[in-house]
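Residue-level structure breakdown
Residues per chain are reported as follows:
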Amino acid sequence: MEIQLWREFLDPYALAVDELMIKFNHLLTAYRKSDDYCPIDQVQGRVKSIASIIEKANRKQISLESVEEEMWDICGIRLVCQFVEDCYQVVDMIKQRTDMEVVSENDYIAFPKESGYRSYHLRILYTVQSVSGPKKIHAEIQVRTLGMNSWSTIEHSLQYKYRMNIPDELKLRLRNAADGMIATDKELSSIREEIRTARELRFEEERIVNDILLTIQNLYRFVSHREAVRIQEEFYNIYSSQNIERLRSFATELDIIAENNRAQTIN
Ligand code: 0O2
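In every chain, residue numbers begin from 1 and rise along the written sequence. Local features are withheld for residues below a pLDDT of 70 in this predicted model, meaning they are given only at 70 or higher, and side-chain atom pairs are given and counted only at 80 or more; totals for whole chains, interfaces and linings count all residues. Heavy atoms throughout the structure, all of them, feed into the side-chain values; hydrogens and water do not.

Notes on the packing of helix H8 (residues 225-240) against helix H9 (residues 244-260)
- Throughout, an axis means a line fitted to C-alpha atoms (over the contacting stretch in the case of helices), and angles, computed between N-to-C directions, take values from 0 to 180 degrees. Strands are runs of DSSP state E lasting at least 2 residues, helices are runs of H or I lasting at least 4, and numbering of each runs from the N terminus. Orientation of H8 relative to H9, taken along the N-to-C sense of each, is 165°, at an axis distance of 10 Å. With respect to H9, the axis of H8 lies roughly antiparallel. Remark: the crossing between H8 and H9 carries left-handed chirality. Across from Ile 231, Glu 234, Phe 235, Ile 238 and Tyr 239 in H8, the residues of H9 making contact are Arg 246, Leu 247, Phe 250, Glu 253, Leu 254 and Ile 257.
- For this scheme, ten residues count as nonpolar: Ala, Val, Leu, Ile, Met, Phe, Trp, Tyr, Cys and Pro. Four count as charged, namely Asp, Glu, Lys and Arg, and the remainder, Gly too, count as polar. Residue composition of the contact of H8 with H9, by class: eight nonpolar, no polar and three charged. Orientation is classified from the angle alone, with under 35 degrees giving roughly parallel, over 145 giving roughly antiparallel, 65 to 115 giving roughly perpendicular, and any other angle giving oblique. Each helix crossing is assigned a hand: it is left-handed if the near helix lies turned anticlockwise from the far helix by less than a right angle, otherwise right-handed if that turn is clockwise. Here, two residues are considered to be in contact whenever any of their heavy atoms come within 4.5 Å of each other.

Here you go:
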């Protein structure tokens, strides 16, 4: 295929990656806005490079004419989670969506590959509106924990270095490292409530501080300079006490002051 034709061929895949990333990132933002814990920690996406498509087609003995039907990961989305439990929750969320159709799945978390690779793979059909009308394209969503992600990234670079022929001794060490990751994931799952609460508190604090700063900024236009400075100093004092309760009640008091001065901010 000529380079120009490859570009045209890959165009809808690029559109799908953009759209899917926006959708999953939107979920992340929506959860955070409502101070809820989001099972997705990071969203990544990419269109496979032409070189990588050709290399994989050779490796898997797929003819270039049938790449569109047979290669599912030209458009790839990776959803990285903190805990194994989150991965399964994310898989369920995806299956319930009406804007993508899950065609098949592979649970390499419960059943890791020989290499030690773990991840949940979903093959989906996703419709994009291309210049020539609606087009259903194949995409692969990989759902994995942060630990699985680092292992896989490292192993992937080694595969690249050794041209898919990693020496046996190194393979064994990678499998040992994968076992270590399984143990780490289990350990983290056992303290996940504590980690989740800490994280939620951090996001709540960030949100409150942002609201307070916006309101103070606004108040400068409605109250005397001296009063605004006093409020600002009080905020610095409370913030440095690292007491979320005090921060919450300060935010409430500030809202009342803003309301009385008709200086509320709209977020
Ligand atoms: P790249 O550069 O990441 O795109 P599936 O049918 O998808 O459930 P299967 O049959 O293993 O699983 O498919 P395939 O095509 O071999 O693998 C799909 C993708 O999964 C790979 O894409 C990798 O991203 C990832 N993957 C699968 N096995 C391994 C593994 O042993 N190690 C690592 N690091 N990743 C793996 P690409 O095209 O190989 O790579």
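Some remarks on the sheet that holds strand E2 (residues 75-81)
- Taken in spatial order, the five strands make up an open sheet running E1-E2-E5-E4-E3, and their pairing is mixed. What marks the edges here is a single partner per strand, and that holds for strand E1 (42-47) and strand E3 (101-107). Taking the axes of each pair of neighbouring strands and ignoring which way they run, one obtains an average angle of 25° across the sheet.
- Each of E1, E2 and strand E5 (133-145) touches helix H5 (residues 146-161); the most contacted strand, E5, lies at about 100° to it. Strand pairing is assigned whenever DSSP identifies at least 2 bridges connecting the two strands.

Structural notes on the pattern of salt bridges
- Salt bridge, as used here, is a side-chain nitrogen of Lys or Arg placed within 4 Å of a carboxyl oxygen of Asp or Glu. Under the definition given, this model contains 18 salt bridges.
- A salt bridge links Arg 202 to Glu 206; its shortest N-O distance comes to 3.4 Å. One end of the pair is Arg 202 and the other is Glu 206, both in helix H7 (residues 192-219) and four residues apart, which spans about a single turn.
- Judged by relative accessible area, which is 41%, Glu 206 ranks as partly exposed. Remark: exposure states derive from per-residue accessible area (1.4 Å probe, protein chains only) relative to the maximum for the residue type, with buried under 20%, exposed over 50%, and partly exposed in between.

Re helix H6 (residues 168-190)
- Along its 23 residues, H6 runs 33 Å from first to last C-alpha, staying within 8% of the 33 Å computed at 1.5 Å per residue.
- Buried within H6 are the following residues: Leu 170, Leu 174, Ala 178, Asp 185 and Ser 189.
- Packed against the buried residues of H6 are helix H4 (84-96), E5, H5 and H7. Expected span, for any helix, means 1.5 Å times one less than how many residues it has.

As for the site of the ligand
- We call a residue near a molecule or strand when any one of its heavy atoms sits within 4 Å of it. With respect to spatial proximity, 20 residues lie near the ligand, and among them Lys 48, Lys 56, Asn 106, Lys 113 and Glu 140 are the closest.
- Pairing of N or O atoms within 3.5 Å defines a polar contact, subject to two protein rules: one partner must be a possible hydrogen donor and the other a possible acceptor, and residues neighboring in sequence count only if both atoms are side-chain atoms. At a separation of 2.5 Å, an oxygen atom of the ligand approaches a polar side-chain atom of Lys 48.
- In this structure, a nitrogen atom belonging to the ligand sits 3.1 Å away from a main-chain N or O atom of Ser 152.
- Computed by Shrake-Rupley with a 1.4 Å probe, the accessible areas treat only the displayed protein chains as cover when residues are assessed. Protein coverage of the free-state accessible area of the ligand, which is 730 Å², stands at 83%.
- Of all the secondary structure elements, the ones that give two or more residues to the shell around the ligand are helix H2 (50-59), strand E4 (120-130), E5 and H5.
- Among the elements that take part in the shell around the ligand, H5 stands out by supplying four residues, more than any other.
- Grouping the amino acids of the shell around the ligand by side-chain chemistry returns two nonpolar, seven polar and eleven charged.

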